[in-house]
Amino acid sequence: MTAGRNLRETPNAWGRRLVILVPYVWLAAFSLIPFLIVLKISLSQTAIAQPPYTPVLDPAAGMAGLREFIDALSFGNYALLASDQIYLVSYARSVSIAALSTVLLLLIGFPLAYGMARSPRRWQAILFMLVVLPFWTSFLIRIYAWINILQHDGLLNQLLLTFRIVDEPQAWLATDTAIYIGMVYSYLPFMVLPIYATLEKLPESLLEAAADLGCPRWKAFWLVTLPLSLSGVIAGCLLCFIPIVGEFVIPDLLGGSESMMIGQTLWVEFFSNRDWPAASAVAVVLLGLLVVPIVIYQHRQMRQLEGSQLEGGN
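Calculation rules
- Residues numbered from 1 in each chain as written.
- Predicted model: local features only at pLDDT ≥ 70, side-chain atom pairs only at ≥ 80, totals over all residues.
- Heavy atoms only, no water.
- Helix = DSSP H or I, 4+ residues; strand = E, 2+ residues; numbered from the N terminus.
- Rg over C-alpha atoms; globule rule 2.2 N^0.38 Å.
- Buried < 20%, exposed > 50% of the residue type's maximum accessible area, 1.4 Å probe, protein only.
- Contact = heavy atoms within 4.5 Å.
- Areas by Shrake-Rupley, 256 points an atom, 1.4 Å probe, with all protein chains shown as cover.
- Lys, Arg positive; Asp, Glu negative; His and termini not counted.
- Charge placed at Lys NZ, Arg CZ, Asp CG, Glu CD.
- Core = buried A, V, L, I, M, F, W, Y, C linked by side-chain atoms within 4.5 Å.
- Salt bridge = Lys/Arg side-chain N within 4 Å of Asp/Glu carboxyl O.
- Polar contact = N/O pair within 3.5 Å; in protein donor to acceptor, adjacent residues only side chain to side chain.

Asks: Can you help me understand the overall build of the protein in this one?
Replies: Across its full length, the protein carries 14 helices and two strands. Its C-alpha radius of gyration of 26 Å places the protein more than 25% over the 20 Å reference for a compact globule of 314 residues. Along the longest, intermediate and shortest principal axes, the C-alpha atoms of the protein span 85 × 80 × 35 Å. Expressed as a percentage of the 314 residues in the protein, the buried residues total 32%. Partitioning the contacts of the protein with sequence separation of at least 6, the portion at a separation of at least 24 is 71%. Entry remark: accessible area of the protein is about 19,700 Å², with carbon and sulfur atoms responsible for 69%. Each charge class in the protein was averaged separately, 18 positive and 20 negative side chains, and the resulting centres sit 14 Å apart.

This is how it looks when you write it as structure tokens:
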């Protein structure tokens, strides 16, 4: 009887394992293997050849060729990143722009998400649609639209002159201000939607209980709403900060050429200088910088989950 039951359960067990295996295979094929290829190139040296780096593994050379291949790898490109100020400035500029952009997105996105969550139910779907509506238009088209808006005789300067806020047209393009405008406009939905999803699930009974206990609305927001929305705030900040650090299109089209972000540095190394090993080292270090906040967030989430499970067990 038991043997028959085990035979019947075996196909289901294999089916569950295959379902679990699919995302791991996907991650290995499209994340791990490409990363290992980039890591290998970062340990190579630039060469005028095809491909433009050495060494290249020749499977026909056998074990001797493999040992020669491994011996030729080096960390020289990473030493170059640490010693060359261009790369250090690019990293610092990318992180600072991403951090300030994320703060601006949070200051703008949280009130929007809060207003959406507190609006009547019949209006929430419309407000949600208005937030995601920019995604229906090509990203490049939207950035080129901002070029027309921010140029010397563009719409922004015309409005400022019409309302006599300024006396002469201002220079917006090729400035950090234009970069921040482009970042905030492009990534605002990524901040609003996670916060809205968290606030929308917030029980009204908690705020009613706080009001019954004599808590003012501002204090109830500070002690109840804000702490319970932290998971959405952190998720929104990560969704914005991580891609902004490696952003290329917005700073290239709206920013100046005085100092480049790391995405522009990557493009120059790959396509202008044809220095694939150095560019790969830049990409690997950038990935390492971006993994740190993700690991910290996951560790924090695991600790909170373990704490809630212990409280539930007690």
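Asks: What's the story with unusual backbone geometry in this structure? I'm lost.
Replies: Note on backbone geometry: most residues besides glycine have negative phi, and most peptide bonds are trans. The step from glutamine 50 to proline 51 runs through a cis peptide bond, and the omega angle for that step is 0°. Position of proline 51 among the secondary structure elements: in the loop between strand S1 (45–46) and strand S2 (53–54). Not every positive phi belongs to a glycine, and alanine 174 is a case in point at roughly 60°. Mapped onto the elements of the fold, alanine 174 is located in the loop between helix H7 (155–162) and helix H8 (176–200). Look at alanine 174 and you get partly exposed, because its relative accessible area is 43%.

Asks: Could you clarify how one ought to interpret the nonpolar core in this entry?
Replies: Counting 50 residues, the largest nonpolar core has Leu105 and Met183 as the members making the most contacts within it. Counting residues per element, this core draws most heavily on H8, at twelve residues. Beyond its immediate chain neighbours, meaning those up to four positions away, leucine 105 contacts Phe110, Met183, Val184, Tyr187, Leu188, Met191, Cys240 and Ile244.

Asks: When you look at the pattern of salt bridges in this model, what are you seeing that I'm missing?
Replies: As a working rule, side chains carrying opposite charge can pair if their charged atoms are close by. Enumeration according to the criterion identifies three salt bridges in this entry. Between glutamate 204 and arginine 118 there is a salt bridge, and its shortest N-O distance comes to 3.8 Å. Residue glutamate 204 is located in helix H9 (residues 204–212), and its partner arginine 118 is located in helix H4 (residues 85–118); the two are separated by 86 residues in the primary sequence. With a relative accessible area of 41%, glutamate 204 lands in the partly exposed category. Across the salt bridge formed by glutamate 200 and arginine 121, the nearest N and O atoms sit 2.5 Å from each other. With glutamate 200 in helix H8 and arginine 121 in helix H5 (residues 121–132), this residue pair connects regions lying 79 residues apart in the sequence. Owing to a relative accessible area of 27%, glutamate 200 belongs among the partly exposed residues under this scheme.

Asks: What is the right way to read the side chain of serine 44 from this model?
Replies: Mapped onto the fold, serine 44 is located in the loop between helix H1 (2–42) and S1. Polar contacts involving the side chain of serine 44 include one to the main-chain carbonyl oxygen of lysine 40, which spans 3.0 Å. Leave out the neighbours within four places in its chain, and serine 44 touches Tyr53, Thr54, Pro55, Leu73, Asn77 and Pro277.

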